Amino acid sequence: MAESQTVLFDVQERVAIITLNRPERKNAMNQALKDELRECWRRVKADPDIWAAIITGAGTAFSSGADVEALATGGFVKPDRWRELAMIEGIVDLPTPRRMRVHKPVIAAVNGVVAGFSLDLVTESDIPIASEQAYFVDPHVSIGYVSSHEMVNMARRVPVAVCLRMALLGSRERMSAQRAYEVGLVTEVVPHAKLMDRARELAGMLVSNAPLAVWGTKMAILQGLGLPIPQAEEIAAGYLEVVEQSEDHAEGPRAFVAKRTPAWKAR
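Let us look at the structure shown here.

Scoring rules and cut-offs
- Residues numbered from 1 in each chain as written.
- Predicted model: local features only at pLDDT ≥ 70, side-chain atom pairs only at ≥ 80, totals over all residues.
- Heavy atoms only, no water.
- Salt bridge = Lys/Arg side-chain N within 4 Å of Asp/Glu carboxyl O.
- Helix = DSSP H or I, 4+ residues; strand = E, 2+ residues; numbered from the N terminus.
- Buried < 20%, exposed > 50% of the residue type's maximum accessible area, 1.4 Å probe, protein only.

A complete count under the given rule lists 17 salt bridges for this structure. Arg-14 is the salt-bridge partner of Asp-49, the closest N and O atoms lying 3.9 Å from each other. Of this pair, Asp-49 sits in the loop between helix 1 (31-46) and strand 3 (52-57) while Arg-14 sits in the loop between strand 1 (7-12) and strand 2 (15-20), and the two are 35 residues apart along the sequence. Looking at Asp-49, the relative accessible area reads 49%, which means it is partly exposed. Salt-bridge contacts for Arg-198 lead to Glu-188; the nearest nitrogen and oxygen are separated by 3.0 Å. Taken as a pair, Arg-198 in helix 8 (residues 195-208) and Glu-188 in strand 10 (residues 188-190) lie far apart in primary sequence, 10 residues in all. A relative accessible area of 23% means that Arg-198 is categorised as partly exposed. Residue class for Glu-188 comes out buried when judged on its relative accessible area of 19%.

The structure is reproduced here in C-alpha cells:
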C-alpha cells in the first residue's frame with residue numbers, strides 16, 4: 001500500500017492496527033482519509049497473514065465524523081447513488097467493515113469522541129471497547145443533515161428509544177462511555193491509558209483461535225441476523241461444512257488430544 005498520510009497501517013503478530021491520523025482535525029474524515037481507509041480494509045481482507053484488525057484514532061479523538069469544512073466546500077467526491085442502489089453491498093462509498101465485507105474480526109478501540117459517520121466504525125466492529133474518556137454523539141440534525149445509515153445501524157445495536165434520543169437531539173446529546181456500555185454499544189470500558197493494551201490483548205485471543213472457524217462464525221452470525229431461525233441455521237451450516245474441509249479443522253482435535261498448542265494455518 002502507498003505511503004499513507006491520513007491513516008496509519010501496521011501489522012503486528014497477525015493483527016492489523018489501523019489508526020485514523022488527522023489528530024489536528026480530531027480525525028475528521030475528508031476524501032483522502034476515506035480513500036486510504038478503504039484501502040486498509042482491502043488489505044485486511046486480502047492479506048493471508050492478517051487474521052484480525054484493530055481500528056483506533058490518533059490523539060484525543062477516535063473520529064469527529066465527516067469533515068464539515070469539506071462538506072461545506074464540496075471536498076467530497078459525490079457518490080453515484082443509482083450505482084449504489086444497484087449494488088448488493090448497499091452504500092458502497094463508505095469505508096466501513098460491513099460495507100467492505102471484511103470477514104475477519106474487527107476490534108474498535110474507542111479512545112475519544114465518536115461523532116456522526118464514525119459511529120458506523122463502532123457499530124460495524126465486532127468487539128468495540130472504549131476508554132473511560134470516550135463519548136458518542138450524532139450531530140447530523142444540528143447541521144441540517146438527515147442521520148441515515150448511522151442511525152439505521154445504531155438501531156440494530158441499541159434499544160430504539162436510545163437511538164432516537166441520540167439522533168433527534170443531535171449535538172445536544174452526548175452518550176458517555178459508561179452509558180454506551182450499559183446499552184450495549186460497546187462491550188467494555190477500560191482506563192484510558194490501558195485501552196490499546198486491552199485491544200491488543202483481545203486481538204491476541206482472537207488470533208489464538210482457529211482463523212477460518214472465527215471468520216465463518218462471524219459471517220454466520222451477521223448474515224443470519226433478521227432471518228427466521230431455520231434460514232439462519234442453514235447459513236451457519238454452510239460455513240461449518242466449508243470449514244470442516246480445512247486442514248485447521250483436523251488440526252484442532254489432534255492438538256487437543258496431544259495436549260499441545262494448535263498450529264493454525266488458515267487453510
